[in-house]
Amino acid sequence: MSENRQFRPADPLGIQRVVSPKSVMPQQAEALDTGLPIAEDEILVEVESLSIDSASFRQITESCGGDLGKIEKHILDLVSRRGKHHNPVTGSGGMFIGSVAQIGPAYPLRQKPVRVGDRIASLVSLSLTPLSIKKIKKIHPQSHRVDIEGYAILFASGVFAKLPEDLPETVALAVLDVAGAPAQTRKLVQAGQTVLVVGGGGKSGVLCLFEAKKKLGVKTIAVDFSESATERLSALSFVDEVIQADARNAVSLMEKVWDVTKGRMADLVINVANVPDTEMASILTCRSNGIVYFFSMSTSFTRAALGAEGIGADIDLRIGNGYCEGHAELALNILRESPELNKLFVEAYS
Ligand code: NAP
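Residues numbered from 1 in each chain as written. Predicted model: local features only at pLDDT ≥ 70, side-chain atom pairs only at ≥ 80, totals over all residues. Heavy atoms only, no water.

Caption draft 1: Structural view of the overall build of the protein chain. Looking only at helices and strands, one finds eleven helices and 14 strands in the protein chain. Against the 2.2 N^0.38 benchmark of 20 Å for 350 residues, the protein chain shows a C-alpha radius of gyration of 21 Å, consistent with a compact globule. Considered along the principal axes of its C-alpha atoms, the protein chain spans approximately 65 × 40 × 40 Å. Residues classed as buried in the protein chain amount to 55% of the 350 residues present. Within the protein chain, contacts between residues at least 6 apart in sequence are counted, and of these 70% link residues at least 24 apart. Accessible area of the protein chain: about 15200 Å², with a carbon and sulfur share of 52%. The average position of the 37 basic charges and that of the 41 acidic charges among the side chains of the protein chain differ by 2 Å. (Helix = DSSP H or I, 4+ residues; strand = E, 2+ residues; numbered from the N terminus. Rg over C-alpha atoms; globule rule 2.2 N^0.38 Å. Buried < 20%, exposed > 50% of the residue type's maximum accessible area, 1.4 Å probe, protein only. Contact = heavy atoms within 4.5 Å. Areas by Shrake-Rupley, 256 points an atom, 1.4 Å probe, with all protein chains shown as cover. Lys, Arg positive; Asp, Glu negative; His and termini not counted. Charge placed at Lys NZ, Arg CZ, Asp CG, Glu CD.)

Caption draft 2: Looking closely at the packing of aromatic side chains. Within the structure shown, the criterion is met by three aromatic pairs. Ring geometry for F210 against F238: centres 5.2 Å apart, planes inclined by 90 degrees, an arrangement best described as edge-to-face. Of this pair, F210 sits in helix α5 (residues 203-213) while F238 sits in the loop between α6 (227-234) and β11 (241-244), placing them 28 residues apart in sequence. Here F210 and F238 have matching classes, each one buried. Note on F345 and Y349: the rings are 5.4 Å apart at their centroids and 35 degrees apart in plane angle, and the pair reads as tilted. Note that F345 and Y349 are positioned in helix α11 (residues 339-349) at a spacing of four residues, about one turn of the helix. Residue F345 shares its accessibility class with Y349, and that shared class is buried. (Phe/Tyr/Trp six-rings, centres within 6.5 Å; stacked < 30°, edge-to-face > 60°.)

Caption draft 3: Molecular detail of the pattern of salt bridges. All chains considered together, the criterion is met by 26 salt bridges. Measuring nitrogen to oxygen at the nearest pair gives 3.0 Å for the salt bridge that ties D33 to R8. Taken together, the residues D33 in the loop between β2 (31-32) and β3 (43-52) and R8 in the segment before β1 (18-20) connect sequence positions 25 residues apart. Look at R8 and you get buried, because its relative accessible area is 17%. For R303, the salt bridge identified is with E279, shortest N-O distance 3.1 Å. Pair noted here: R303 is in helix α9 (residues 301-310) and E279 is in helix α8 (residues 279-284), with a separation of 24 residues, a long-range link. The exposure class assigned to R303 is partly exposed, which follows from its relative accessible area of 37%. Classification of E279 as buried rests on a relative accessible area of 2%. (Salt bridge = Lys/Arg side-chain N within 4 Å of Asp/Glu carboxyl O.)

Caption draft 4: The domain arrangement of the protein chain, seen in detail. Under the domain assignment, the protein chain is made up of domain 1 (15-163) and domain 2 (180-349). Computed over C-alpha atoms, the centres of domain 1 and domain 2 are 28 Å apart. Listed by partner, the interface residues are twelve residues for domain 1 and ten residues for domain 2. Scanning the region where domain 1 abuts domain 2 turns up zero salt bridges. (Domains from an automatic or database assignment.)

Caption draft 5: Focus on the side chain of S54. Structurally, the position occupied by S54 is in helix α1 (residues 54-63). The exposure class assigned to S54 is buried, which follows from its relative accessible area of 18%. Discounting residues that sit within four places of it in the chain, S54 has contacts with H144 and N274.

Caption draft 6: Seen up close, the sheet that holds strand β5 (residues 119-122). Pairing is antiparallel in the open sheet, where six strands are placed in the order β6-β7-β3-β4-β5-β8. The two strands at the open ends of the sheet, each matched to only one other strand, are β6 (131-140) and β8 (160-162). Going from strand to strand, the sheet's axes swing by 30 degrees on average, the running direction of each strand aside. As paired strands, strand β4 (residues 94-103) and β5 are joined by three bridges and run antiparallel to one another. Residue G98 lies in a different strand from β5, and its bridge partner there is I120. (Pairing = 2+ DSSP bridges. Axes fitted to C-alpha atoms, helices over the stretch in contact; angles between N-to-C directions.)

Caption draft 7: Structural detail: the sheet that holds strand β9 (residues 194-198). Pairing in this open sheet of six strands is parallel, and the strands run β11-β10-β9-β12-β13-β14 from one edge to the other. Two strands close off the open sheet at either side, each with one partner strand: β11 and β14 (316-319). Taking each pair of neighbouring strands and ignoring which way they run, the sheet shows an average axis angle of 15 degrees. Where strand β12 (residues 266-271) and strand β13 (residues 286-294) come together, five bridges link them in parallel fashion. Note on β13: the bridge partner recorded for I270 is Y293. Those strands touched by α5 are β9, β10 (219-224) and β12, and its axis lies near 170 degrees from that of β10. Against the sheet, helix α7 (residues 250-261) contacts β9, β10 and β11, and its axis sits at roughly 155 degrees relative to β11.

Caption draft 8: Here's a closer look at the nonpolar core. In terms of nonpolar packing, the biggest core is built from 50 residues, with L176 and F345 touching the most fellow members. Residues lining this core come from more than one domain, with at least three contributed by each of domain 1 (15-163) and domain 2 (180-349). If you look at the next biggest cluster of nonpolar residues, it comprises 28 residues, including V45, I60, I120 and I133. (Core = buried A, V, L, I, M, F, W, Y, C linked by side-chain atoms within 4.5 Å.)

Take a look at the structure:
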């Protein structure tokens, strides 16, 4: 990495890094400029691992026929073309961990204290983060993690978390990637409700189920596709019911949830599946005046909105904002509170 001490002008939103099309924000941009030096208010991070968004990793894996060599080439081509890891099919990115290498002199240190050498995780999407990859060292298909040599640039407006010392860094990376989901769950669940999590066996799913169960009298129901996921879910003390089903089959899942809830259906449905076409199942399993929270990046706004309208479902459809104040600490604390989730995450992600 170049140690150039000149700086570009301050630019808290990173607009000067947009190459094309002009006048859009970095997330909407087709390509970003990853060139050095950094701006006066940016920080430069030496990146070690990327956590690729699950919907994106699945789409890339399928398009490469599961071949690791092709996946590596795909990621390198994508990042060199766009200057960021922004999957054009799913629209999503992921996040990274690494060490702070340089801090611009106008970086807002008072609001965001950080020092050179600090180990951090980005909490803004890779879909808007300038990223340069020199080399891919290893791809971990089970955890969607990619170890690299390269650097990323965080704008002054960007959010990051210092990596905790009491958890393996790759575990923290996995948890922080989906930190918004349990944090939003805390805001949405009310005592006594029935909460259904579609794709519940994945990393955000189990965190949401644990968080939901903390409220008095909540009944938690997890839906997942594979036998391994449903077996994993059945062993968790905070999951009341497990349904093995393909959430792309809306009618079949509705019937199963009808049976389990004796026709009452769910007050809150949280969709964290990493495949497209699960919107209708989430809508059909929600009771009238309930809430469906779409955290999944495979969600289609059109399918959800028109699907609900098409069956006259008077329910609240929420977009899954990945950010929520205090979300990083809340998500990491779940692993400190729950020995069974701690074990599950350490086994899967360290
Ligand atoms: P994950 O660990 O891969 O979990 C996804 C789960 O969905 C898996 O357990 C998977 O089961 C299950 N699933 C797949 N196909 C299914 C089907 N047909 N029916 C039922 N379940 C199915 O993913 P994650 O990291 O928790 O992420 C979950 C979602 O959140 C993804 O779409 C991701 O892109 C999105 N996300 C959103 C944000 C945001 O800011 N809103 C941030 C990060 C991630 P199998 O393992 O059995 O296939």
